[in-house]
Structure formats: C-alpha cells, structure tokens
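The chain contents come next:
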Amino acid sequence: MGRGKLRIYLGAAPGVGKTYSMLSEAHRRVERGTDCVVAFVEHHERPRTEVMLHGLEQMPRKELEYRGAVFSEMDVDTVLGRAPAVALVDELAHTNVPGSRNAKRWQDVEELLAAGIDVVSTVNIQHLESLGDVVESITGVRQRETVPDEVVRRADQIELVDMSPPALRRRMAHGNIYKPDKVDAALSNYFRPGNLTALRELALLWVADRVDEYLTEYRSEHQVSKIWGSRERIVVGLTGGPEGRTLIRRAARLAEKGAGGEVMAVYIARSDGLTSASPKELAVQRTLAEDLGGTFHHVVGDDIPAALLDFARGVNATQIVLGSSRRKTWQYVFGPGVGATVARESGPDLDVHIVTHEEVAKGRGLPVARGARLGRSRIIWGWAVGIGGPVVMALLLNTIDLGLANDMLLFLAVTVAAALLGGLLPALASAAFGSLLLNYFYTPPLHRLTVADPKNIVAIVIFVGVAVSVASVVDLAARRTHQAARLRAESEILSFLAGSVLRGETSLEALLERVRETFGMESVALLERAGDVDPWTCAGSAGPAPATRPEDADVDMPVGDHMALALSGRVLPASDRRVLAAFAAQAVVVLDRQRLQSEADQAKELAEGNRIRTALLAAVSHDLRTPLAGIKAAVSSLRSDDVAWSEEDRAELLEGIEDGADRLDHLVGNLLDMSRLQTGTVTPLFREIDLDEVVPMALGGVPEDSVDLDIPESLPMVAVDAGLLERAVANLVENAVKYSPVDERVLVAASAMADRVEVRVVDRGPGVPDDAKDRIFAPFQRYGDAPRGTGVGLGLAVARGFAEAMGGTLNAEDTPGGGLTMVLTVRAVDHRPGLAARSAVAERQAS
C-alpha cells in the first residue's frame, strides 16, 4: 500500500473557516462514495461548525488522565484499525497530552499517511516553525505550538482559506468565533485590523512562494526552458548611463500593474570591452532599484544581448525594459544595437519595451569598444583580404595602366585593410604576397621575379616596410584595447566592491552571492581553520552544495595562512584571479567586521551595565539619602530631652519615620530588582494561579479608596511567578495612582483573549505622548516634570523586566477620554490544573 496524501487548509488566523471548509470537503467526498471519517475535529461550540459534523462518521476519542484532569485526544490505533480512505484531523500543530502515543498531532498524522490513509487537516500560518519570530513581532505573542515547515511543504495540496480583516472582525463581533465575554478583549488585542492584515499578507506570500517552488521544480524536472508568465518579472537592462533611472521607474510602474510583480535591474559587464559606464551612476541606480522594491544584479557576459536574454530566461522573466539607443546615426553601420538584437531574439514569450529618454541619439561619453580582441570572424576576413585582395587587385590593374607608384599605393591599401581586419599575420602575408605580384606583373622585366631598375627595388622594400609597420601598429592597438577593456572591467567591478564598503554593507552572505553572480559560479564558500593541520570550517557560503575544502573547489583563492575562498562551477582564467583576490580580501574584511560588531555589542552591554551602576550610585546619593535624613531627624527629635513632645507631635514624628522607611523599602526593592534584571539573575518560578490570588495583594501600597478592581471569576488560570507578577502590578498601580487626579480612581481590570490574559491598569492622568511611551520604561527615567523624591524612575522598568522574564509583555496605551493604560499580558492556562502541557487556548478555538 502506498503512502496517503495530505491536504491542508491553511489560514491566517482563528475563525477564517478552515474547519468549516474541511468538513465541507468531507461531505463532498462522502457524496461521491469515499470512505471518510472524522478522526478528531473540535467545533469549539460554534453552531455552524457543529452542524457540519452531522452525517459524518466520528471516531471515538482516547481519554487520558493528567494531573487529576481528563483530556480527550485522537485515538490513532482506532483510526488505523478502521482504515478509512480519508481521515479528518483538525489542528495539525496541536500538542498532545503527556502519555499520548506521540508528542505532536502532526506525528499522529504521519502514522496515518504511512498506513496509506489520506488525511485532511488544518493549520494557521502563525504555527509554522520558521515564522515564529515574525508572528511574535506582529502580534507580540510567541506561539508555543509549532509544526515543522517541511511537514506542511510536503503536503500534496495546500488550500488557503482567506477572509478580509473587516469580515473576520464582523464574524467575531457576531459571536461566531469566541464566546461573548471574550469578544471585546479579542477585538482590541489579537484581532486588531493591523495584526490581521499582517498575518493575512504573511499567509498569502507563503502560499505564493510555495506555488512558485512547485513551478520551478516542474520546469526543472521537465526541462522547460520556455518562459511561463505566471508572475510578472521585469528585467531592466542598464548601460550605466543616466537613462537608467528612467528605465527603473518605468519598470516599477509596470510591476505595480501586475499582482506580485518583481523588478530586477541588471548591468552586464563585458570582458571583451565595456561601454562607458559611470560607477557613481550605477550606484545611484542600484539604490533606486532597491528603494522601489527591486533587486540589482551585476553579471559578466561577452555577448550583451545573449547574456541579457539568458538572465531573463533564467529568472523566468516576462518582460524586458531597455532604453532607446544613445548611438548616433552613423554608428549603426557597426550593427543594429543591443535593443534591436534583444527584441529580434526574445521570442514570443518575452515582451521587450523600448523606452525613450532624454539621452536618445546623443552619443556615448566614450567610444564603444567593439572588441577587446580580434574575433574569429575578423581574423578570417583579414586572411581573406590579405590573400584574396592582392589577387583581385592584380586582375583589376591588368586592365588599367596606372603606373608603378599608383599600383604600389593600391596594394598598400589592401595590406592596411588586412591589418585593420585581421591583425599582424594577415597583413604580413598580404605584404609578402603583394610584393611578389608587384614584382612579377608591374616591375620591369615583366613576368619575371627580377628587378631591372634599382629604384624599383627601393620602392618594393619601402612598400614591405610600410605594410609591416602598419600591421604592427594595428596589432599593438588591438592588444592595448584588450588590456584597457580588461582593466576597465576590473576597475568597474572593484568600484562596486568599494561602493558596498562605503554603503556599509556588512553581510558576508550578500558579498559571496555577488562573487558567485559576477563570475558565473554555482557556489562560493569562505573557509577558515585555526591551524595548518586543523579541519576547514565554513564561515559563510552562497549557492547550493558549497565546497568544504579548498582542494574540492574548481577555484581556490588563498587569503592569508588559514583562510581561502573556494568557488565551484568552472575554472577561471588567470586574468580573473586578480579581481577575485580583491573579493576574497573584502570577504575577510567583512567577516572581521561582523566579529568586531559582535564584540562591540558585548562592549555596549558592559557599558550599559556601567551606566546602570553609575545611575545606582546617583540614586543612592540623593533619592535614598532624603528619606534617611528625614528618619534621622525624627528619631533625633524623639530622643531629645530638651523638648517635651505632645502625643500629637510624637505621633506625627513616628508617622514621618514610617513613611520614610516605606519609601526606603520601595526604593531599595526596585534598585535590587533592576540589578537582578540587568545581571540576568531573575529566574521565574512558574506555577498556575488565579489572578484574584495575586492582584489584590499588589494593592497594599496604595490607599484603599483609590483603586477599582475588576477581576472576573471566569478568567482562566495564568502560568506566572506569583512574586514577580505581584511586584509588577504593584509598581503599575502605584505609578497610576501617583499621576491620577485626586477625585479619579484607578481601574485594574483583567480579560482573556485566546492564549493570553491581560491586566489593564487604567488611569485618568495627563497621559503620555506616543513618542515617549517607550522611554518611560527605560531605567532612571521620569516623565515630564516629576520632581526628585518621587522615585528614581525604576518602577515601570522593573515591571516590564518582570513581565518579559515571565514570557509576557508590558505596553502603554492611551486611555479613551484621556489618561494612560498599562497593558500587562501573561500566558493563560485552563482553570483545570495541568494544562501547561496542552496546547494553547487560541488553537483550541481555531477553526
């Protein structure tokens, strides 16, 4: 029996309809006679989803007891024994209860697939393992339950279940996703329009990239070289001239008209002669292309039209944008030009746009080098002219008598033409052969290889000398042209390398990718080792299957004693190694810079620690001495025998001592807490508790009538360190009371949303501007004109540090109507004990 097929319904967020779509597909298959069963599906008390389960065979679940509670999971053995054709398994990323057959549900699915059972499942984009950091940056919540990307990528079918953020929020508001008591918190937190839009874009892009991978694999397997215009990819051919900016902008506008359009600007440097490209202009165009969302590529090609078309077909481009030629009219005698050649050879699968610009027909800054070396065709023509030209000339002159001097000039012209076309050797052959013909046909005695007049001997010798001299000059000019073009190519590449340094590009991988692209290699690796006998290690690479040892590579460029740049793909000529050596040296510099940057970051952390210690000393010198001075003065007064204190005075002095001691206790506690946070010694002791056990205890430091408490009994338990949570809430409440008006009470409320519980401390004080909301959490920061003596500015910093130590977040928001709201988020678990080992609540409510 073969392996079963996996179909996945992928969604951007809970509630988009993944489970509903999966059940709809099951009903369609049952109607077609397919043996389909529900292995495990959660309807989450959603009426429409629950109705879809009717009429489908549901497999019994396996009950497991864990820490005094009973949980139900998919019974893999029962499903395997039933052996249906198709099994529905919801929530692919779910974590099974300890004691289950497998730790993860996707592992259960793998067993069903291995047994030949087709599986239909669901998963949200935020549960893909590679996207965990991205999703956390969007939503502020780290997903605890993940599924390896490879499991999803191996699926035979992936169907995106999509819904616009406004429609999903309406579905939420109507109570179709969560219970009514969770709707408000969900809409104001996870289901914010920004969060949903970002997650939706993430899902769409991931699916699009996966489809692109399928297409690339298919084209490779079936050796499809023809371009398939499944996605608009626009290649911009740059010459380095000022018209490049116009071309890039035009290509960007074309890309905007097509969904998912890409712009790839490419400059092709010819090893056999470059056009007059300005490195400064190319750098500007590179920046412009990247600013418009495109990419810049620098490649080497002997035939510019062919190289441009090869590049376009290699990236499956659909359009090429070129500028109208800058050549003057007379220059077209040398050929039709790059634009016309590309348009002629592009074929029906590539659209070529010729864009007009202000530089049309104005000529180039420097002459176009048509060849650094004399090509094969020119050498053939040179030999043809050098040998055949004198014969044709002799036949013509036999019919016309022009005199020996004119005859010699005409033969000299043929020799010069041979030199211009073919170089030295064809010209020498033409001179030798022409001198023989002159001697035989036109120098007395005729038709004999002798010369009667000595003056004619001198003339023939001068003819041969001039011919040889002209041929030598032409050959030398060709070789110098080749050297100049080669050096120009090298200098241009090196200017790009220097430009990357000036732009601060410090990515080793990007530099190695540029090396691979410039020299047309398959892979490039920077290898290093500690000593002469130590094994090589890879410091960075680009391309597939990079070499692991220098001797395994096609090109090995040593850098120092223990580093080497290894290139695989082809053998480079010796003339290319000089530029390659510059790239290798730059790669070492970039690697050293990265390591120095890492050391600098460590030094920055040490400097920050020194700053904290300095601030601690400042706090001790002022903020701690003030209450100490008050306590000292009160105690000295009470102990004085010179004054008879009344009971009211004694009570007032004792109250001052108590207030000063409380302030000292609070300040010292925050200083110690911040010191622990800075040194990384805060180790939370997690346990599952109810918020109503902790939050009321945090209100002991404020007046009783200054806070309203709203902690619903229906809230799930939270997995936190009770002491850290109490200190964090206490600091938030004390800060809110400090800045609230006397007649306004601070509200401390809690709500649950998906797998989080939020504690919101709401005040009606002056509030904080948006640009200062992050600064108020920095150590030793007081917002506004808060005077000395109101604290050292550590309360909020300590609160955020404790929140993050517990895996939560602390952020500041504006209170509607004025004021500031502190939102403390912690991880939720179920009221039932032991759910820390189970999946997050959000996934239990996903559809």
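Everything quoted here is computed from the prediction, not taken from an experiment.

**With respect to the overall build of the protein**
Then step 1. Counting its regular elements, the protein contains 25 helices and 24 strands.
Then step 2. Split into buried and exposed, the 847 residues of the protein put 47% on the buried side.
Then step 3. Considering only residue pairs separated by 6 or more positions, the protein has 72% of its internal contacts joining residues 24 or more positions apart.
Then step 4. Here the protein has roughly 41400 Å² of accessible surface; of this, 55% comes from carbon and sulfur atoms.

**Re the pattern of salt bridges**
Then step 1. What the rule picks out here adds up to 24 salt bridges.
Then step 2. The closest approach of N and O atoms between Glu-25 and Arg-28, which form a salt bridge, is 2.7 Å. Here Glu-25 and its partner Arg-28 are both found in helix 1 (residues 18–31), 3 residues apart, which amounts to about one turn of the helix.
Then step 3. Put simply, Glu-73 and Arg-105 hold a salt bridge, and the shortest N to O gap is 3.1 Å. In this pair, Glu-73 is assigned in strand 5 (residues 69–73) and Arg-105 in helix 4 (residues 105–114), connecting sequence segments 32 residues apart. With respect to burial, Glu-73 and Arg-105 carry one shared label: buried.
Then step 4. Three or more residues are tied together by salt bridges with common partners; here these are Arg-3, Glu-110 and Arg-154.

**A closer look at the nonpolar core**
Then step 1. If you look at the biggest cluster of nonpolar residues, it comprises 45 residues, and the most contacted ones within it are Leu-691, Leu-725 and Met-822.
Then step 2. For this core, the element with the most residues is helix 23 (residues 722–739), which contributes 9 residues.
Then step 3. Residues within four places of Leu-691 in sequence aside, it is in contact with Pro-696, Ile-711, Leu-715, Val-718, Leu-725, Ala-750, Val-757 and Val-759.
Then step 4. Core analysis: the next-biggest nonpolar cluster, separate from the first, contains 35 residues, Val-89, Val-152, Ala-203 and Val-207 among them.

**Some remarks on the packing of aromatic side chains**
Then step 1. One pass over the structure, following the stated rule, counts 0 aromatic pairs.
Then step 2. A cation sits over an aromatic face here: Arg-800 above Phe-777, 3.9 Å from the ring centre.

**Structural notes on the sheet that holds strand 8 (residues 157–161)**
Then step 1. Read from one edge to the other, the open sheet built from 6 strands follows the order 3-2-6-7-1-8, with strand pairing classed as parallel. A strand with exactly one partner marks an edge of an open sheet, and here the two such strands are strand 3 (57–58) and strand 8.
Then step 2. One ladder, built from 4 bridges, connects strand 6 (residues 86–89) with strand 7 (residues 118–124); its direction is parallel. Opposite Val-89, over in strand 7, you have Ser-121 as the bridge partner.

**Quick look at the sheet that holds strand 13 (residues 351–355)**
Then step 1. Read from one edge to the other, the open sheet built from 5 strands follows the order 11-10-9-12-13, with strand pairing classed as parallel. The open sheet terminates on both sides in strands that have one partner only, identified here as strand 11 (295–300) and strand 13. Across the sheet, the axes of successive neighbouring strands diverge by a mean angle of 25°, strand direction being ignored.
Then step 2. Pairing of strand 10 (residues 262–269) with strand 11, which is carried by 6 bridges, proceeds in the parallel orientation. For Ala-265, the partnering residue across the bridge sits in strand 11 and is Phe-296.
Then step 3. Each of strand 9 (233–238), strand 10, strand 12 (319–323) and strand 13 is contacted by helix 10 (residues 244–256), which is oriented at about 175° to strand 9, the strand it contacts most.
Then step 4. Packing against the sheet, helix 12 (residues 304–314) makes contact with strand 9, strand 10, strand 11 and strand 12, and its axis sits at approximately 150° to strand 10.

**Concerning the packing of helix 12 against helix 13 (residues 338–345)**
Then step 1. In contact at an axis separation of 9 Å, helix 12 and helix 13 are set at 45° when each is read in the N-to-C sense. Taken together, the axes of helix 12 and helix 13 lie oblique to each other. Handedness of the crossing formed by helix 12 with helix 13: right-handed. Mapping the contact onto sequence places Ile-304, Pro-305, Leu-308, Leu-309 and Arg-313 in helix 12 and Val-338, Thr-341, Val-342 and Glu-345 in helix 13.
Then step 2. When grouped by side-chain class, the residues that make up the contact of helix 12 with helix 13 number 6 nonpolar, 1 polar and 2 charged.

**Section: a positive patch on the surface**
Then step 1. Where like charges cluster on the molecular surface, the positive patch consists of Arg-249, Arg-250, Arg-253 and Lys-257.
Then step 2. If you trace the backbone, Arg-253 turns up in helix 10.
Then step 3. Taking the relative accessible area as the measure of exposure, Arg-253 reaches 42% and is therefore partly exposed.

**Details of unusual backbone geometry**
Then step 1. A positive phi angle, close to 50°, is found at Ala-83, a residue other than glycine.
Then step 2. Structurally, Ala-83 can be placed in the loop between helix 3 (76–82) and strand 6.
Then step 3. Judged by its relative accessible area of 48%, Ala-83 is partly exposed.

**Describing the side chain of Glu-110**
Then step 1. Following the sequence through the fold, Glu-110 ends up in helix 4.
Then step 2. Accessibility expressed as a relative area gives 18% for Glu-110, which makes it buried.
Then step 3. Engagement of the side chain of Glu-110 in a polar contact is seen with the side chain of Arg-3, the distance being 2.9 Å.

**Focus on the confidence of the model for the protein**
Interpretation of the predicted coordinates at a detailed level should be avoided for regions scoring low in pLDDT.
Then step 1. With 77% of its residues at a pLDDT of at least 70, the protein reaches an overall mean of 77.
Then step 2. Across the protein, the element-wise mean pLDDT spans from 38 in helix 25 (residues 841–844) up to 94 in strand 6.
Then step 3. Scored below 50 in pLDDT, residues 783–792 shows 25 contacts in the model against residues more than four places distant or in partner chains.
Then step 4. Every residue in residues 831–847 scores below 50 in pLDDT, and together they form 77 contacts with partners more than four places removed in sequence or on other chains.

**Some details on the side chain of His-297**
Then step 1. The topology assignment puts His-297 in strand 11.
Then step 2. Classification of His-297 by relative accessible area gives buried; the value is 15%.

**What about a nonpolar patch on the surface?**
Then step 1. Together, Ile-379, Trp-383, Ile-387 and Leu-425 give the surface a local cluster of nonpolar side chains, amounting to about 360 Å² of exposed area.
Then step 2. You can see Ile-379 is positioned in helix 14 (residues 376–397).
Then step 3. Taking relative accessible area as the criterion, Ile-379 reaches 33% and is therefore assigned partly exposed.

**Digging into helix 14**
Then step 1. With 22 residues, helix 14 ought to run about 32 Å at 1.5 Å a step, and its terminal C-alpha atoms sit 31 Å apart, in line with that.
Then step 2. Remark: the principal bend of helix 14, roughly 35°, maps to Gly-388, with a proline, Pro-390, within the next four residues.
Then step 3. Turning to helix 14, its buried residues are Gly-382, Gly-386, Gly-389, Pro-390, Met-393, Ala-394 and Leu-397.
Then step 4. Where helix 14 is buried, its residues meet helix 15 (404–422) and helix 16 (424–442).

**Description of the packing of helix 14 against helix 15**
Then step 1. At a minimum axis separation of 7 Å, helix 14 and helix 15 run at an interaxial angle of 165°. By the angle between their directions, the pair helix 14 and helix 15 is classed as roughly antiparallel. Of the two possible hands of crossing, helix 14 and helix 15 adopt the one that is right-handed. Contacts between helix 14 and helix 15 involve Arg-378, Ile-379, Trp-381, Gly-382, Val-385, Gly-386, Gly-389, Pro-390, Met-393, Ala-394 and Leu-397 on the former and, on the latter, Asp-407, Leu-410, Phe-411, Val-414, Ala-417, Ala-418, Leu-420, Leu-421 and Gly-422.

**Focus: the environment of Val-86**
Then step 1. Mapped onto the elements of the fold, Val-86 is located in strand 6.
Then step 2. In this structure the C-alpha to C-alpha distance between Val-86 and Val-37, which are 49 residues apart in sequence, comes to 6.4 Å.
Then step 3. Setting aside anything within four residues of it in sequence, one finds Val-86 in contact with Arg-29, Thr-34, Asp-35, Cys-36, Val-37, Ile-117, Asp-118 and Val-120.

**Some words on helix 24 (residues 795–805)**
Residues separated by three or four positions in an α-helix point in the same direction, a consequence of the helix having 3.6 residues per turn.
Then step 1. Within helix 24, 9 of the 11 residues are buried, leaving the element largely enclosed by the surrounding structure.
Then step 2. Burial in helix 24 covers these residues: Gly-795, Leu-796, Ala-797, Val-798, Ala-799, Arg-800, Gly-801, Phe-802 and Ala-803.
Then step 3. Phi for Gly-807, located one or two positions after helix 24, is positive at around 80°.

Reading the values: rules and limits
Residues numbered from 1 in each chain as written. Predicted model: local features only at pLDDT ≥ 70, side-chain atom pairs only at ≥ 80, totals over all residues. Heavy atoms only, no water. Helix = DSSP H or I, 4+ residues; strand = E, 2+ residues; numbered from the N terminus. Buried < 20%, exposed > 50% of the residue type's maximum accessible area, 1.4 Å probe, protein only. Contact = heavy atoms within 4.5 Å. Areas by Shrake-Rupley, 256 points an atom, 1.4 Å probe, with all protein chains shown as cover. Salt bridge = Lys/Arg side-chain N within 4 Å of Asp/Glu carboxyl O. Core = buried A, V, L, I, M, F, W, Y, C linked by side-chain atoms within 4.5 Å. Phe/Tyr/Trp six-rings, centres within 6.5 Å; stacked < 30°, edge-to-face > 60°. Lys NZ or Arg CZ within 6 Å of the ring centre and 35° of its normal. Pairing = 2+ DSSP bridges. Axes fitted to C-alpha atoms, helices over the stretch in contact; angles between N-to-C directions. Parallel < 35°, antiparallel > 145°, perpendicular 65-115°, else oblique. Left-handed = near helix turned anticlockwise from the far one by under 90°. Nonpolar A, V, L, I, M, F, W, Y, C, P; charged D, E, K, R; others polar. Patch = residues over 30% accessible without salt bridge, like charges linked within 9 Å, V, L, I, M, F, W, Y side chains within 5 Å. Lys, Arg positive; Asp, Glu negative; His and termini not counted. Charge placed at Lys NZ, Arg CZ, Asp CG, Glu CD. Polar contact = N/O pair within 3.5 Å; in protein donor to acceptor, adjacent residues only side chain to side chain. pLDDT = per-residue confidence, 0-100. Expected span 1.5 Å × (residues − 1). Bend = angle between axes of the 7 residues up to and from the residue.

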